[in-house]
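Structure assessment
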Amino acid sequence: MSLPNGLTPDTARAQAARAYELDRKHVFHSWSAQAALKPMVISAAQGSYVWDGDGNRLLDFSSQMVNTNIGHQHPKVVAAIQEQAAKLCTIAPGYVNDARSEAARLIAEHTPGELNRIFFTNAGADAVEHAVRMARLHTGRPKVLARYRSYHGGTETAVNLTGDPRRWPNDHGNSGVVHFFGPFLYRSQFYAGTEAEESQRALEHLEQTIALEGPDTIAAIILESVPGTAGIMVPPPGYLAGVRELCDRHGIVFIADEVMAGFGRTGKWFAIDNFDVVPDLITFAKGVNSGYVPLGGVAIAPHIAATFDNRVYPGGLTYSGHPLATAAAVATVNAMREEGIVENAADIGARVIGPGLRELAERHPSIGEVRGLGVFWAVELVRDRETREPLAPYGGTSPAMTETVAAAKAAGLLLFVNFNRLHVVPPCTITEGETKEGLAILDQALTIADGYTT
Ligand code: PLP
């Protein structure tokens, strides 16, 4: 049977072999020691599925890098890119282009509060760079506070904001970033026993950090509204409202990094909408057009935009508001509205993924905790439920994790993996049947993890 892009299995295999050979000869991969790599070839993708170089179909519970919120090859987005390519492929950012204008309008319609000025970037990391630059210029202050257990991107400031081991080799101690502990009840730094205690104590810790760092030196606090790669720790009630209050009290800019959590992932347009809090800046990328063409951006509140009414904003990009990328965003946002895709993410999370994972947790001793919302879930694997010893060390992997993930893959399921966690982060378009198919494969694979428990 042909692949969805029309390739026969034989042609797909031949193309895959050639692509693989060239990849290993010439391509330098992200975040990797190059010699040991054996990357998988993807020959085709459609909806919630991808096909590997041998023509095997796999259910994509990773949404790649948690970006294909609208699924693979959504026909309306593909058509919009094709139409825009025929009309106008590229134009310098100083000119008006209708795709960018309309994308900005649509995004502004969904941002909370009055964050209705949009600065477009090429991806998430540069959105974070620009948000921090805006905050520093707006306040005239140098420092930025970010949490441990976070990811904000691979560029210089963004990787220094990041609270995971990817920062370590890139941290020269002069970035102006100060890290603090955010709330994470399962591994509480605050000896908390309840969500309410965790929220209150994490806020007290942040308040102390601000006081001891000097409030007048702090330009911004940046937080993922729901931290993604670091573990999908949904903030407890009151936490983000408390951060908002601390920022207001001290004239600090509140940046919500929604690069992974935005555009439907949590079952709302923006994850911060789950908490009724309005930040000063929102960074976005990924889901804005599902990465069909690279795009990111910053949504800006009026008081920060006003800083640059009569003062030059010292930053820009050749491709800011690239027509192909913003046309894809227009089609994505419209399709998400027309097809109820954000509502589907909320429904699948509440009705299928959440209950399904909790049921797995009852039967698999390797599951320490499941947590999440929408189509944004983490399964925290442990050796021992009592001690909560992770199934792989922080920053590392283990045979238990590798074998569990490999078993899922062999059975046709792609997962997003970070240290001792499996993330269930399918497209927002996933159906109930597909979700159950994936959970059944996960159920089988977890028997391997169970074998490593003590
Ligand atoms: N911020 C968050 C929360 C992310 O998850 C990511 C990427 O995973 C980034 C920023 C960086 O985005 P990009 O890889 O598009 O530069």
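Thresholds applied
- Residue positions within a chain follow its written sequence, with the count starting from 1.
- Selection of residues for local features in this predicted model requires a pLDDT of at least 70, selection of side-chain atom pairs for listing and counting requires 80 or more, and totals for whole chains, interfaces and linings are taken over all residues.
- Values shown for side chains rest on all heavy atoms present in the structure; no hydrogens or waters enter the calculation.
- By salt bridge we mean one thing: a side-chain nitrogen of Lys or Arg within 4 Å of a carboxyl oxygen of Asp or Glu.
- Secondary structure elements are taken from DSSP: a helix is a run of H or I of four residues or more, a strand is a run of E of two residues or more, and numbering for both begins at the N terminus.
- Burial classes follow relative accessibility: with a 1.4 Å probe on protein chains only, a residue under 20% of its type's maximum area counts as buried, one over 50% as exposed, and anything between as partly exposed.
- Whether two residues are in contact is decided by their heavy atoms: any pair within 4.5 Å suffices.
- A molecule or strand has a residue near it when one of that residue's heavy atoms lies within 4 Å.
- Under the rule applied, a polar contact is a pair of N or O atoms within 3.5 Å (in protein, one hydrogen donor and one hydrogen acceptor; residues adjacent in sequence only if both atoms are side-chain atoms).
- The Shrake-Rupley method, run with a 1.4 Å probe sphere, supplies the accessible areas, and residue values consider only the shown protein chains as cover.
- A helix is expected to span 1.5 Å for every residue after the first.
- Bear in mind that the domain bounds are from an automatic or database domain assignment.
- A quick way to say it: buried area is the sum, across both parts, of accessible area lost when two parts are put together, with a 1.4 Å probe.
- Any residue outside Ala, Val, Leu, Ile, Met, Phe, Trp, Tyr, Cys, Pro, Asp, Glu, Lys and Arg is labelled polar, Gly included; the first ten of those are nonpolar and the last four are charged.
- Here a pair means two rings of Phe, Tyr or Trp (six-membered ring of Trp) with centres within 6.5 Å. Their orientation is stacked below 30 degrees between planes, edge-to-face above 60, and tilted elsewhere.
- By definition, two strands form a pair when at least two bridges between them are found by DSSP.
- For helices, the fitted line uses only the C-alpha atoms of the stretch in contact; every axis is such a line through C-alpha atoms, and the angle between N-to-C directions lies from 0 to 180 degrees.
- Clockwise travel from the first strand over the helix to the second, with the strands pointing away from the viewer, marks a crossover as right-handed.
- Put simply, angles under 35 degrees are roughly parallel, angles over 145 are roughly antiparallel, angles from 65 to 115 are roughly perpendicular, and the rest are oblique.
- When the near helix sits turned anticlockwise from the far one by under a right angle, the crossing is termed left-handed; a clockwise turn instead gives a right-handed crossing.

Considerations on the pattern of salt bridges
Counted according to the given criterion, the structure contains 28 salt bridges. In this structure, Arg141 engages Asp216 in a salt bridge whose closest nitrogen and oxygen atoms are separated by 4.0 Å. One end of the pair, Arg141, is in the loop between α5 (124-139) and β5 (143-147); the other, Asp216, is in the loop between α7 (195-213) and β7 (218-224), and 75 residues separate them in sequence. Given the relative accessible area of 15%, Arg141 is considered buried. Exposure remark for Asp216: the relative accessible area of 62% places this residue in the exposed category. One continuous salt-bridge network, built from bridges that share partners, spans Glu102, Arg105, Glu109 and Arg337.

Considerations on the side chain of His423
Locating His423 in the fold gives a position in strand β16 (residues 421-424). Judged by its relative accessible area of 2%, His423 falls in the buried class. Those residues in contact with His423 that sit more than four places away from it in its chain are Phe61, Gly228, Thr229, Gly231, Ile232, Trp377, Ala378, Leu415 and Phe416.

So, the site of the ligand
As a matter of local geometry, the ligand sits amid Ala123, Gly124, Ala125, Tyr151, His152, Gly153, Glu224, Asp257, Val259, Met260 and Lys286. Note that an oxygen atom of the ligand is positioned 2.8 Å from one of the backbone N or O atoms of Ala125. Here an oxygen atom of the ligand sits 2.9 Å away from a polar atom, N or O, in the side chain of Lys286. Contact with the protein chains hides 83% of the accessible area of the ligand, taken as 390 Å² for the molecule alone.

Things to note about α7
Counted at 1.5 Å a residue, the expected span for α7 with its 19 residues is 27 Å, and the 27 Å between its end C-alpha atoms agrees. Elements that come into contact with the buried residues of α7 comprise β5, β6 (177-180), β7 and α8 (239-250). At the C-terminal side of α7, Gly214 shows a positive phi close to 95°.

Considering the domain arrangement of the protein chain
By the assigned domains, the protein chain splits into domain 1 (9-73 + 340-450) and domain 2 (76-338). Summarising the inter-unit geometry, the C-alpha centres of domain 1 and domain 2 are found 25 Å apart. Each partner contributes residues to the interface: domain 1 has 42 residues there, and domain 2 has 46 residues. Both sides together, the interface formed by domain 1 and domain 2 hides about 3,300 Å², and carbon and sulfur atoms give 60% of it. Where domain 1 meets domain 2, there are 1 salt bridge. The partner of Glu380 in a salt bridge is Arg187, with the nearest N and O atoms 2.8 Å apart. Scanning the region where domain 1 abuts domain 2 turns up 24 residue pairs in polar contact (both at pLDDT 80 or more). Elements represented by at least two residues in the side of domain 1 that touches domain 2 include exactly α2 (63-66), α11 (341-363), β11 (367-373), β12 (376-384), β15 (416-418) and β16. Grouping the amino acids of the side of domain 1 that touches domain 2 by side-chain chemistry returns 22 nonpolar, 15 polar and 5 charged.

Some details on the packing of aromatic side chains
Applying the stated criterion across every chain, the model contains 10 aromatic pairs. Relative to Trp51, the ring of Tyr49 lies with its centre 6.5 Å away and its plane at 55°, an arrangement referred to as tilted. Taking the relative accessible area as the measure of exposure, Tyr49 reaches 9% and is therefore buried. Judged by relative accessible area, Trp51 falls into the buried class, the value being 14%. Measuring from centroid to centroid gives 5.8 Å for Phe119 and Tyr313, while their planes differ by 70°, and the two rings are edge-to-face. Taken as a pair, Phe119 in strand β4 (residues 117-121) and Tyr313 in the loop between α9 (302-307) and α10 (323-338) lie far apart in primary sequence, 194 residues in all.

Focus: the sheet that holds strand β9 (residues 281-284)
Here 7 strands make up an open sheet; going across it, the order is β4-β10-β9-β8-β7-β5-β6 and the pairing mixed. Either end of the sheet is taken by a strand with one partner, and the two such strands are β4 and β6. Sheet twist, expressed as the average angle between the axes of neighbouring strands with direction ignored, equals 20°. Taken together, the 3 bridges between strand β8 (residues 253-257) and β9 define a ladder with parallel strand orientation.

Let's talk about the sheet that holds strand β2 (residues 49-52)
Strand order in the open sheet formed by 4 strands is β1-β2-β3-β14, with mixed pairing between adjacent strands. The open sheet has two free edges, formed respectively by β1 (42-46) and β14 (413-414), since each of these has just one partner strand. Pairing between β2 and strand β3 (residues 57-60): 3 bridges, direction antiparallel. Across the sheet, the residue bridging to Trp51 is Arg57, located in β3. Sheet strands touched by helix α13 (residues 432-450): β2, β3 and β14. Its angle to β3, the strand with the most contacts, is close to 100°.

Examining the pairing of β5
The side chains of a regular strand alternate between the sheet's two faces. Counting buried positions along β5 gives 5 out of 5 residues, so the element sits mostly inside the fold. Side chains of β5 alternate between two faces, with Lys143, Leu145 and Arg147 and Val144 and Ala146 buried alike. Pairing of β5 with β7, which is carried by 4 bridges, proceeds in the parallel orientation. Paired with Leu145 across the bridge in β7 is Ile221. As paired elements, β5 and β6 share 4 bridges and run parallel to each other. Bridging across to β6, Leu145 finds its partner in Val178. With respect to chirality, the unit in which β5 leads through helix α6 (residues 156-161) into the neighbouring parallel β6 is right-handed.

What to know about the packing of helix α12 (residues 399-410) against α13
In the contact formed by α12 and α13, the axes pass within 8 Å of each other and the chain directions differ by 155°. In terms of orientation, α12 lies roughly antiparallel with respect to α13. For α12 against α13, the interelement crossing comes out right-handed. Of the residues in α13, those in contact with Glu403, Thr404, Ala407 and Ala408 of α12 are Ile441, Ala445, Leu446, Ile448 and Ala449. Of the residues belonging to the contact of α12 with α13, the class tally is 7 nonpolar, 1 polar and 1 charged.

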